[in-house]
Amino acid sequence: MPRVRVPELMDEPNLAADAHRQALAGLARINALTRSANLLWPTIRDLANEKLTVLDIATGSGDIPLQLWKRAKRCALPLAISGCDISATAIETARAKASVAGANIDTFLHDVLRDPLPTDYDVVTCSLFLHHLDPPDVVELLRKMMLAAKTMVIVTDLVRSRTSYSLVWIASHLLSRSRIVRFDGPVSVRAAYTIREMQQMAAEAGMTGAIVENCFPCRMRLCWGKS
Ligand SMILES: C[S@@+](CC[C@H](N)C(=O)[O-])C[C@H]1O[C@@H](n2cnc3c(N)ncnc32)[C@H](O)[C@@H]1O
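Sequence positions are assigned chain by chain, starting from 1 and proceeding in written order. Selection of residues for local features in this predicted model requires a pLDDT of at least 70, selection of side-chain atom pairs for listing and counting requires 80 or more, and totals for whole chains, interfaces and linings are taken over all residues.

Caption draft 1: Up close: the site of the ligand. By convention here, the C-beta atom is placed from the backbone, and a residue is near a molecule or strand when that atom is within 6 Å of it. Taken together, 20 residues sit near the ligand, with Ala 58, Gly 60, Ile 86, Ser 87 and Ser 127 positioned nearest. By residue class, the composition of the shell around the ligand is ten nonpolar, seven polar and three charged. The residue classification treats Ala, Val, Leu, Ile, Met, Phe, Trp, Tyr, Cys and Pro as nonpolar and Asp, Glu, Lys and Arg as charged. All others, Gly included, are polar.

Caption draft 2: Focus on unusual backbone geometry. Each neighbour pair has its own omega, and for Phe 216 with Pro 217 the value is -10°, a cis peptide bond. Numbering of helices and strands starts at the N terminus; helices are DSSP runs of H or I of at least 4 residues and strands are runs of E of at least 2. Within the secondary structure, Pro 217 sits in the loop between strand S6 (211-215) and strand S7 (219-225). Positive phi values are uncommon outside glycine, yet Leu 128 reaches one of about 55°. For Cys 218, which is not glycine, the phi dihedral falls at a positive 65°. The topology assignment puts Cys 218 in the loop between S6 and S7.

Caption draft 3: Spatial organisation of the sheet that holds strand S1 (residues 52-57). Ordered in space as S3-S2-S1-S4-S5-S7-S6, the seven strands form an open sheet in which the pairing is mixed. The outermost strands of the open sheet, each flanked by one partner alone, are strand S3 (105-109) and S6. Each adjacent strand pair in this sheet contributes to an overall mean axis angle of 20°, direction not counted. One ladder, built from five bridges, connects strand S2 (residues 79-85) with S3; its direction is parallel. Each bridged residue has a counterpart across the sheet, and for Cys 84 the counterpart in S3 is Phe 108. Each pair of strands is called paired provided DSSP finds at least two bridges between the two strands. Simply put, an axis is a line fit to the C-alpha atoms, just over the touching stretch for a helix, and the angle between two N-to-C directions goes from 0 to 180 degrees.

Caption draft 4: Just the pairing of S2, in detail. Judged by how many residues are buried, S2 sits mostly within the fold: six of seven residues are covered. Following the backbone out of S1, through helix H3 (residues 63-74) and into the adjacent parallel S2, one traces a crossover that is right-handed. The definition of a right-handed crossover adopted here requires that, viewed with the strands pointing away, the path from the first strand over the helix to the second runs clockwise. Crossover connection from S2 via helix H4 (residues 88-101) to parallel S3: handedness right-handed. Buried means a residue has 20 or more other C-beta atoms within 10 Å of its own C-beta, exposed means 12 or fewer, and partly exposed covers the counts in between; C-beta atoms are placed from the backbone.

Caption draft 5: Looking closely at the pairing of S1. Counting buried positions over the six residues of S1 gives five, a clear majority of the element. With six bridges connecting them, S1 and S2 associate as parallel partners. Within S2, the residue paired with Thr 53 across the bridge is Ala 80. Examined bridge by bridge, S1 and strand S4 (residues 123-127) share four bridges and lie parallel to one another. If you follow Leu 55 over to S4, its bridge partner there is Val 124.

Caption draft 6: Inspection of the environment of Arg 21 at higher detail. One can find Arg 21 in helix H1 (residues 17-33). With 18 C-beta atoms counted inside 10 Å, the residue Arg 21 sits in the partly exposed group. Sequence separation of Arg 21 and Val 168 is 147 residues, and the distance between their C-alpha atoms is 20 Å. For every residue pair, C-beta atoms are placed from the backbone, and the pair is scored as a contact if these atoms sit within 7 Å. Non-local contacts of Arg 21, meaning those with residues more than four positions away in its chain, are made with Thr 89 and Thr 93.

Caption draft 7: Up close: H3. How far a helix is expected to stretch is found by multiplying one less than its residue total by 1.5 Å. A rise of 1.5 Å per residue sets the reference length of H3, with its twelve residues, at 16 Å; its end C-alpha atoms lie 17 Å apart and thus fit the reference within 8%. Residues Asp 63, Ile 64, Pro 65, Leu 66, Gln 67, Leu 68, Trp 69 and Ala 72 constitute the buried set of H3. Looking one or two places after H3, you find Ala 76, whose phi comes out positive at around 55°.

Caption draft 8: Up close: the packing of H1 against helix H6 (residues 162-175). Axis separation between H1 and H6 bottoms out at 10 Å; the angle between their running directions is 120°. Taken together, H1 and H6 sit at an angle that is classed as oblique. Relative to H6, the crossing made by H1 is right-handed. Where H1 abuts H6, its residues Gly 26, Arg 29, Ile 30 and Leu 33 lie against Ala 171, Ser 172 and Leu 175. Its residues assigned to classes, the contact of H1 with H6 comprises four nonpolar, two polar and one charged. Here the angle decides the label: under 35 degrees means roughly parallel, over 145 means roughly antiparallel, 65 to 115 means roughly perpendicular, and every other value means oblique. Crossing handedness: left-handed means the near helix sits turned counterclockwise from the far one by under a right angle, and right-handed means the same turn made clockwise.

Caption draft 9: Representation of the packing of helix H5 (residues 135-148) against helix H8 (residues 195-204) in the model. Contact geometry for H5 and H8: axes closest at 8 Å, N-to-C directions at 55°. Judged by the angle between their axes, H5 and H8 are oblique. Relative to H8, the crossing made by H5 is right-handed. Residue-level inspection shows Pro 135, Val 138, Val 139 and Leu 142 of H5 in contact with H8, the latter providing Met 201, Ala 202 and Glu 204. Class assignment of the residues belonging to the contact of H5 with H8 gives a composition of six nonpolar, no polar and one charged.

Function-wise, these values are silent; they only describe arrangement.
Below you can see the structure in the form of C-alpha cells.
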C-alpha cells in the first residue's frame, strides 16, 4: 500500500473547539478499547523503581499519560508524568480530565516541531503522531527526542497496511460519531509507515540499537535506550 498523506482534520488550526473535543473523546475511547497505554506501560514500569519522569509529546487529550498515571498509582510506583501539545483545546481537555481523575499530570503547550524539547525527562514518549509527518520531519523529531530523553524514547504509531486500513475504518465508524475521527482514522493509516520504513528513519536519526516491532492491533512500537 503506497504512503499517501492527506492533511488530517484534527490538525486544522481553526477547528471548532466542540468538534475538536468530540474528536479527542472518540480517540480516547479507541485508545482505551485497544489498550494503547499497554504498549508503553511494561517498559516504563520496569524503569520506575526509582522516581521516573515521563514526557508524552503531542499528547492530545492526555489519555495515555492518564492511563500511565493510573497504572503507576495502582503499583505505587514513583512516576511523574507530563504531556504537551500544540493545541490549546487539547491541553485544556487534558487538564480537565486529569483534574477529574485527581491525577497530578503536568500539561503544557509546546510545538514539538518548531521548538527544542525540554531535557528534564527520563523517558520521552509519542503516540499516534509520527504519521502526521513526512520522513525528514520524523527523523528530525526522533533526533530531538533522543537529545531530550535521559534514558529512553518510546514511540507508538499505526502500521500502514490494507488490514490496518480496514480495521481502523471499522473501529473509527463503530466507536465514534465524530466526523473528524471517521475521516482522520483511515487517512492516518494511509499516512502511516511500515516497520521497515520506521527502522530506516530510526537508523537515519542515529538511534543505534532501536527496536521497532509490530504490536496488536494495527500498531508498531519503537524503543530506543540511551547507553
Ligand atoms: C492523532 S493526535 C494523537 C493524540 C495522542 N497522542 C494519542 O495517542 O491519542 C495528534 C496530536 O498531535 C498534536 N500536534 C500536531 N502538531 C503538533 C506539534 N507541532 N507539536 C505538538 N503537538 C502537535 C495535535 O494537536 C494532536 O493532539
